[in-house]
Amino acid sequence: MFDFEYYAPTRVVFGRGVEARSGQLIKELGVSRVLIHYGGGSVVRSGLLERVSASLDEAGIAHTQLGGVVPNPRLSKVREGVELARQFGAELILAVGGGSVIDSSKAIGYALADPEHDVWDLYDRKRTAIGCFPVACVLTIAAAGSEMSNSSVITNEETGEKRGYRDNKCRLKLAIMNPELTTTLPAYQTAAGCTDIMMHTLERYFTQGGNMELTDQFAEGLLRTVMKNALILRDDPTNYGARAEVMWASSLSHNDLTGLGADGMDFVSHGLEHELGGMFDVTHGAGLSAVWPSWARYVYKDCLPRFVRFARNVMGVEPGMLDEETALTGIAALEDFFRAIRMPVTLKELGIQPTEEQILAMAASCAKGSGGKKGTAKLLYEPDMAAIYRMAL
């Protein structure tokens, strides 16, 4: 076990109808002017935006709105939000939506706290944040875990780069979480969300040492729980219990709890997917399921004990085989699960077929964005990243 620090300051208010308390909960944070940030028309059509606005009005909190956030949130929308927040004098950014909206809100918060510098410099690894304006959310999608994480991901549409930045300064002050709000999601988005949740734990699970038994068992239990409930939601999308399990797993999978005591985080699959998202604008969870099996088969020999444990404790592979066969059986079993919830396991199934030139460009960009190398299961460099993309075709 390695030493660690754990910081999870976000207040969570979870349950049916809790969005009706938005105004009072935000008032308790001591702010009086709020920028409501949201995505497409679903929060408008469902009446959620109106309910949240009415709650703010009732609490005497002034507010303005900025919609239009898209999956793989854009830097241009962040800049628009910064300007509006400054003009309005916003004291807090309230994200009403999922991970993309929350990530965009975090970026706005970083920019407001440091008006002298370009916020993209953070994501381009040119400097670190000096602060972040307060951010809260009303969560509508269980997936990214951004409601309790210290990370955000933004796409620079001018350069085609999709980059993440991690800093505890952006952790939300408040997360309002009603599982009922996720029941109208399309099946594809629900499945992609479940995949993203699992991947946030898998990226922390495959390490070379320092693992804590308690952390491992928590991670394995979370993975089994998400898989079980993803299958329930495939067949019964309105099942509140399953929605609640998945929503809470989303938060716990990406607030660092499932990696405590380990020697780091892998996140190669996320890095590879970020390049797919930047170049092809694919759905994040689906992009992850499309590259993970190839990543796993590329690195498993270098992290064999962890893959054996995963196969037995998560995927239910029975003892009796040699370790290498056990590991490969576990990888195939997770691949089968992705297929069962109708997620792609190759780039072709994802709907893209990158050329060799595009593969080399993505590998070069991924390596550059990670300082030339990335990975804890196996340290990978640019040629390795290109090889995994080819395997995933």
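Residues numbered from 1 in each chain as written. Predicted model: local features only at pLDDT ≥ 70, side-chain atom pairs only at ≥ 80, totals over all residues. Heavy atoms only, no water.

S.K.: What is the right way to look at the overall build of the protein in this model?
M.R.: Summing up its helical and strand segments, the protein has 16 helices and 8 strands in all. Scaling as 2.2 N^0.38, a compact globule of 393 residues should have a C-alpha radius of gyration of about 21 Å, and the protein matches this with 20 Å. Projected onto its principal axes, the C-alpha coordinates of the protein cover approximately 65 × 45 × 40 Å. Across the 393 residues that make up the protein, the buried fraction comes to 59%. (Helix = DSSP H or I, 4+ residues; strand = E, 2+ residues; numbered from the N terminus. Rg over C-alpha atoms; globule rule 2.2 N^0.38 Å. Buried < 20%, exposed > 50% of the residue type's maximum accessible area, 1.4 Å probe, protein only.)

S.K.: I tried to follow the environment of Arg 127 on my own but got confused; where do I start?
M.R.: Its place among the elements puts Arg 127 in the loop between helix 6 (120-123) and strand 5 (135-139). Linking Arg 127 and His 117, residues 10 residues apart in sequence, is a C-alpha distance of 9.5 Å. With residues near it in sequence (within four places) discarded, Arg 127 still touches Asp 114, His 117, Asp 118, Val 119, Asp 121, Leu 122 and Tyr 165. Of the polar contacts made by the side chain of Arg 127, one reaches the side chain of Asp 114; its length is 2.9 Å. Among the polar contacts listed, one links the side chain of Arg 127 to the backbone oxygen of Asp 118, at a separation of 3.0 Å. (Contact = heavy atoms within 4.5 Å. Polar contact = N/O pair within 3.5 Å; in protein donor to acceptor, adjacent residues only side chain to side chain.)

S.K.: Can you help me understand the layout of surface pockets in this one?
M.R.: Empty space among the atoms can be located by rolling a probe the size of a water molecule over them. Computed from the structure, the second largest pocket encloses a volume of approximately 260 Å³. Lining the second largest pocket are 17 residues; nearest its centre among them are Phe 4, Glu 5, Arg 166, Asp 256 and Leu 260. When its residues are assigned to classes, the lining of the second largest pocket shows 6 nonpolar, 5 polar and 6 charged. (1 Å grid on protein atoms, 1.4 Å probe; cavity = no way out; pocket = protein on both sides within 12 Å on 5 of 7 lines; lining within 4 Å. Points joined across faces, edges and corners; volume = space filled by probe spheres on them. Nonpolar A, V, L, I, M, F, W, Y, C, P; charged D, E, K, R; others polar.)

S.K.: What exactly am I supposed to notice about the pattern of salt bridges here?
M.R.: Where charged atoms from two side chains of opposite charge approach closely, those side chains can pair. Inspection of the entire model under this criterion finds 26 salt bridges. Here Asp 235 makes a salt bridge to Arg 234, at a shortest N to O gap of 3.1 Å. Given a relative accessible area of 33%, Arg 234 falls into the partly exposed group. Among the ionic pairs, Asp 336 bridges to Arg 339, the shortest N-O distance being 3.3 Å. Here the residue Asp 336 and the residue Arg 339 both occupy positions in helix 13 (residues 323-340), the gap between them amounting to 3 residues, near one helical turn. Asp 336 gets classed as partly exposed once you look at its relative accessible area, which sits at 46%. (Salt bridge = Lys/Arg side-chain N within 4 Å of Asp/Glu carboxyl O.)

S.K.: Would you mind showing me how to read empty space enclosed by the protein here?
M.R.: Counted according to the given criterion, the structure contains 1 cavity of 30 Å³ or more. If you add up the space inside the largest cavity, you get close to 60 Å³. In terms of lining, the largest cavity is formed by Ala 142, Thr 182, Leu 185, Gln 189, Thr 190, Gly 193, Cys 194, Leu 233, Arg 243 and Val 246. For the lining of the largest cavity, the element with the highest residue contribution is helix 7 (residues 187-205), accounting for 4 residues. Residues that form the lining of the largest cavity fall into these classes: 5 nonpolar, 4 polar and 1 charged.

S.K.: Would you mind showing me how to read the pairing of strand 2 (residues 33-38) here?
M.R.: When a strand is regular, its side chains alternate between the sheet's two faces. A large share of strand 2 lies buried, amounting to 5 of its 6 residues. Pairing between strand 2 and strand 3 (residues 62-66): 5 bridges, direction parallel. Bridge pairing in strand 3 links Leu 35 to Thr 64. Two elements, strand 2 and strand 4 (residues 92-97), share 5 bridges in a ladder whose sense is parallel. (Pairing = 2+ DSSP bridges.)

S.K.: Looking at this model, I keep getting lost on a nonpolar patch on the surface. Mind explaining?
M.R.: There is a patch of nonpolar side chains on the surface, built from Met 1, Phe 4 and Tyr 6 and spanning about 330 Å² of accessible area. Among the structural elements, Tyr 6 can be located in the segment before strand 1 (11-14). Take Tyr 6: its relative accessible area is 37%, and that puts it in the partly exposed class. (Patch = residues over 30% accessible without salt bridge, like charges linked within 9 Å, V, L, I, M, F, W, Y side chains within 5 Å. Areas by Shrake-Rupley, 256 points an atom, 1.4 Å probe, with all protein chains shown as cover.)

S.K.: For this particular structure, what's the right way to read the environment of Gly 145?
M.R.: When you line up the elements, Gly 145 lands in the loop between strand 5 and strand 6 (151-156). Given a relative accessible area of 0%, Gly 145 falls into the buried group. Spatially, the C-alpha atom of Gly 145 lies 8.3 Å from that of Ala 249, the residues being 104 residues apart in sequence.

S.K.: What's the story with the packing of helix 7 against helix 8 (residues 213-235) in this structure? I'm lost.
M.R.: If you want to describe how two helices pack, look at the angle between their axes and the distance between the axes. One way to put it is that helix 7 packs onto helix 8 with a least axis distance of 10 Å and a crossing angle of 165°. By the angle between their directions, the pair helix 7 and helix 8 is classed as roughly antiparallel. At the point where helix 7 passes helix 8, the crossing takes the left-handed sense. Here Thr 190, Cys 194, Ile 197, Met 198, Thr 201, Leu 202 and Tyr 205 of helix 7 come into contact with helix 8, specifically with Asp 216, Ala 219, Glu 220, Leu 222, Leu 223, Val 226, Met 227, Ala 230 and Leu 233. Within the contact of helix 7 with helix 8, the residues separate by chemical class into 12 nonpolar, 2 polar and 2 charged. (Axes fitted to C-alpha atoms, helices over the stretch in contact; angles between N-to-C directions. Parallel < 35°, antiparallel > 145°, perpendicular 65-115°, else oblique. Left-handed = near helix turned anticlockwise from the far one by under 90°.)

S.K.: What should I look at first to understand the sheet that holds strand 2 in this one?
M.R.: Sheet strands associate in pairs through backbone hydrogen bonding, adopting either a parallel or an antiparallel arrangement. Strand order in the open sheet formed by 6 strands is 1-8-5-4-2-3, and the pairing between neighbours is parallel. Unpaired on one side and paired on the other, strand 1 and strand 3 mark the two borders of the sheet. For this sheet, the mean inter-axis angle between neighbouring strands, taken without regard to orientation, is 20°. Examined bridge by bridge, strand 5 and strand 8 (residues 174-177) share 4 bridges and lie parallel to one another. Bridge pairing links Cys 137 to Ala 175 in strand 8.

S.K.: Would you explain the packing of aromatic side chains in this entry?
M.R.: Aromatic ring pairs are described here by two measures, namely the spacing of the ring centres and the angle between the planes. Scanning all chains against the criterion turns up 14 aromatic pairs. A ring pair is formed by Tyr 110 and Tyr 165, whose centres lie 5.5 Å apart and whose planes are at 75°; its orientation type is edge-to-face. Separated by 55 residues along the polypeptide, Tyr 110 in helix 5 (residues 99-113) and Tyr 165 in strand 7 (residues 161-166) bring together distant segments of the chain. Taken individually, Tyr 110 and Tyr 165 each receive the classification buried, so the pair is uniform in this respect. (Phe/Tyr/Trp six-rings, centres within 6.5 Å; stacked < 30°, edge-to-face > 60°.)

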